[in-house]
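Observations on the model geometry
One letter stands for each residue in the lines below.
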Amino acid sequence: MSIDVRRAAIDPAGSFLVQAPAGSGKTELLTRRILRLLAVVDEPEEILALTFTRKAAAEMRGRVIEALTMERPADEASHRMETWQLAQVANQRSAERGWHLSEHPMRLRMMTLDSFTHALARQLPLLSGLGDMPTPSAHVAPLYREAAETAFAQLERRNRDQATAVLLHQDHDLPALIELVADMLGKRDQWLHDIRPHADHPDALRDMLEAGLAEIMAERLAACARLLPEAARVELPALIAFAATNRGDAELSGLQSWPGEALTEVPLWQALARELMTDRGLRKPRGITARQGFPPDKAFAAHKQQFQQWLERLAAVEGLEEALAGLMSMPAEPRIDDMQWRVLEAQLVLLLKADAALQRLFEQRGEADFIEIALRAMRALEDEQGNPTDLLMRLDYRIHHILVDEFQDTSLLQLRLLRNLTEGWQAGDGTHRTLFMVGDPMQSIYRFRKADVGLFLLAARNRLQLPAVEPKSLTHNFRSAPAIVDWVNRAFSHIFPYGDDVLMAAVGYAPAEAALIHAGEVHVHLQRQRDAAGEAAAVVETIRQALETEGSRIAVLARSRKHLHAIMQALTEAGIAFRAVDILPLNA
């Protein structure tokens, strides 16, 4: 039951990762947990709540203050009664400790992740390497390109062979190479931490990359093996060997059993995948002919029919086609050959030079991107050996409970921050500490800020080197009518990928349950081709019909402001009043 999950998730003794879909009351859950924590901490500053936007941080603080000052609800059975009860206990603690939170709301530490990292760097500018605080800027793409150009010019002067290798790999397209390096600088939080320590030890870096490749290959192979029916492993080898013998395929003609999951078996798995797949996906049963090794001789009709039946059964296994295609695209072994390594090593040298050039540009211009501020904040928390600094030890002493909102939009660098903040949280150390993360991987929108929704999936498996959390899921939707919830469940279960895939950062759809009993309907009107005027007329007519129902509240959602222009003009011409803040252009 979703109610039981909510009550368990505010337990101040537990650490949780809560998957909270749209309309599931995530903000209310965060509010209640903070109220519950306020009842047990010595100081409100022991609680740190991190969000992704200032608006979300302000809303969270407002919700907590509103709860602390709310009057007792008249309805004893309302959900607000539970919030009020939690607030009363928190108020009692506040009075005992003299916090006066309603008069001093800023004692509630609720801020964005960017603000928090900037504050860390500001506290210790010399240790962080920042010196004078630069101006955070989101418009640094020109600096990325300039740093990339400078780095290639340096590489060409100092090691022409490496410069030639990277340029030849890019078909001598220097502008394209510069754009690729610039793009990598905008993602350096994903690779710099791992690459920089190996700058003087390339062989160790090669070993690390090959070990990572082996891990990826092993996970893909295991995922495919889990999807393949056990009966298929028993019956398909003989059928495939029969077909291979007829085709003169020596590799598979002696096949007696399905291969295991060792990486040495990958080439055989790939050969078998080619038997079952074409360029367009799983083979169609009707396409099995003598060319595939099944002659039209009646004596062998049973073999062909059995193979066709297996193709039908495999097509019904959700996710298997994608898993087999993934196997076919893998290398045969987790090894970077010498020629590949020469190119890759040259590329990594170029990237490190580009990063160094970018640092100089930041210092000259007095500005930096959010990644740089966060990277240097990490330096304020850990030394070159990864040991905690004095600043981290002070933070560790003060922060006992961390809450992270919209965890699905967390980047690798932000994850590293959380690891630093919680690294010393050892079980049984006599200090009560918790980590609470909430979000919905189906709503991940910050890929442009290097967010990786796969981190949410790994966190649920406790594979992120964070304090262990108990995964929980909210399923009730308190926002939409049952008809809308049911329609969304049906539609998005086909749109989202089958199941979760950590490697591909793909998330399966989690259906919701309607908590409301309001009536509602869903109608779909498809437009076959682009026709702004026709679409606007259809929207106006739909709104006219909806306005016939007394008390109707109507919203028009679009993919962009520009998409709404024709609709707003049509509404104006139809005499239908509407409200569009910061959307209608002045020259319309």
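1. Some points on the nonpolar core
Among the nonpolar cores identified, the biggest contains 70 residues, and F407 and M437 are the most heavily contacted of them. Among the elements that take part in this core, helix 17 (residues 338-365) stands out by supplying 10 residues, more than any other. Not counting chain neighbours up to four residues away, the residues in contact with M437 comprise F16, L17, V18, V404, F407, A459, L466 and V469.

2. Side note on helix 4 (residues 79-97)
Residues three or four positions apart in an α-helix share a direction because the helix packs 3.6 residues into each turn. Relative to the 27 Å expected for 19 residues at 1.5 Å per residue, helix 4 spans 28 Å between its end C-alpha atoms, a close match to the ideal helical length. Within helix 4, burial applies to M81, T83, W84, L86, A87, A90, R93 and S94. Lining the buried residues of helix 4 we find helix 2 (26-38) and helix 3 (54-69). G98, located one to two residues past helix 4, shows a positive phi value of around 70°.

3. Details of a nonpolar patch on the surface
Together, I484, W487, V522, V524 and L526 make up a nonpolar patch on the protein surface, roughly 460 Å² of accessible area in all. Note that V522 resides in the loop between strand 12 (513-514) and helix 23 (532-547). A relative accessible area of 31% means that V522 is categorised as partly exposed.

4. What to know about empty space enclosed by the protein
In this structure the tally under the stated criterion is two cavities of 30 Å³ or more. Estimates place the volume of the largest cavity at around 40 Å³. As for the largest cavity, its lining consists of A459, N462, R463, L464, Q465, L466, P467 and V469. When the residues that make up the lining of the largest cavity are grouped by side-chain class, the tally is five nonpolar, two polar and one charged.

5. Considerations on the environment of A163
In this structure, A163 sits in helix 8 (residues 160-169). Taking relative accessible area as the criterion, A163 reaches 2% and is therefore assigned buried. Along the sequence, A163 and P482 sit 319 residues apart, while their C-alpha atoms lie 61 Å from each other. In this structure, A163 is in contact with F152, L155 and E156, ignoring residues within four places of it in sequence.

6. Points about unusual backbone geometry
Even without being a glycine, H100 presents a positive backbone phi close to 55°. Relative to the assigned elements, H100 resides in the loop between helix 4 and strand 3 (109-112). Even without a glycine there, the phi angle at E406 is positive, about 50°. One can find E406 in the loop between strand 8 (401-404) and helix 20 (412-422).

7. What about the packing of helix 7 (residues 141-158) against helix 17?
Viewed as axis vectors pointing N to C, helix 7 and helix 17 meet at an angle of 130°, and their least axial separation amounts to 7 Å. When the interaxial angle is binned, helix 7 and helix 17 end up oblique. In terms of crossing hand, the pair formed by helix 7 and helix 17 is right-handed. Mapping the contact onto sequence places L143, Y144, E146, A147, A148, T150, A151, F152, Q154, L155 and R158 in helix 7 and A346, V349, L350, K353, A354, A357, L358, R360, L361, F362 and R365 in helix 17. Residues of the contact of helix 7 with helix 17, tallied by class, amount to 15 nonpolar, two polar and five charged.

8. Notes on the packing of aromatic side chains
Taken as a whole and assessed by the stated rule, the structure comprises five aromatic pairs. Ring centres of F242 and F294 lie 5.8 Å apart, and the angle between their planes is 50°; on these two criteria the pair is classed as tilted. Taken together, the residues F242 in helix 12 (residues 230-247) and F294 in the loop between strand 6 (281-282) and helix 15 (301-315) connect sequence positions 52 residues apart. Residue F242 is classed as buried on the basis of its relative accessible area of 14%. Assessed through its relative accessible area of 3%, F294 is described here as buried. Judged by centre distance (5.0 Å) and plane angle (25°), the ring pair of F294 and F307 falls under stacked. Of the two residues, F294 sits in the loop between strand 6 and helix 15 while F307 sits in helix 15, which places them 13 residues apart along the sequence. The exposure class assigned to F307 is buried, which follows from its relative accessible area of 3%. Members of the aromatic cluster, joined through ring pairs, are F242, F294, F300 and F307. Over the face of the ring belonging to W310 we find R313, whose NZ or CZ atom lies 3.9 Å from the ring centre.

About the thresholds
- Residues numbered from 1 in each chain as written.
- Predicted model: local features only at pLDDT ≥ 70, side-chain atom pairs only at ≥ 80, totals over all residues.
- Heavy atoms only, no water.
- Core = buried A, V, L, I, M, F, W, Y, C linked by side-chain atoms within 4.5 Å.
- Buried < 20%, exposed > 50% of the residue type's maximum accessible area, 1.4 Å probe, protein only.
- Helix = DSSP H or I, 4+ residues; strand = E, 2+ residues; numbered from the N terminus.
- Contact = heavy atoms within 4.5 Å.
- Expected span 1.5 Å × (residues − 1).
- Patch = residues over 30% accessible without salt bridge, like charges linked within 9 Å, V, L, I, M, F, W, Y side chains within 5 Å.
- Areas by Shrake-Rupley, 256 points an atom, 1.4 Å probe, with all protein chains shown as cover.
- Salt bridge = Lys/Arg side-chain N within 4 Å of Asp/Glu carboxyl O.
- 1 Å grid on protein atoms, 1.4 Å probe; cavity = no way out; pocket = protein on both sides within 12 Å on 5 of 7 lines; lining within 4 Å.
- Points joined across faces, edges and corners; volume = space filled by probe spheres on them.
- Nonpolar A, V, L, I, M, F, W, Y, C, P; charged D, E, K, R; others polar.
- Axes fitted to C-alpha atoms, helices over the stretch in contact; angles between N-to-C directions.
- Parallel < 35°, antiparallel > 145°, perpendicular 65-115°, else oblique.
- Left-handed = near helix turned anticlockwise from the far one by under 90°.
- Phe/Tyr/Trp six-rings, centres within 6.5 Å; stacked < 30°, edge-to-face > 60°.
- Lys NZ or Arg CZ within 6 Å of the ring centre and 35° of its normal.

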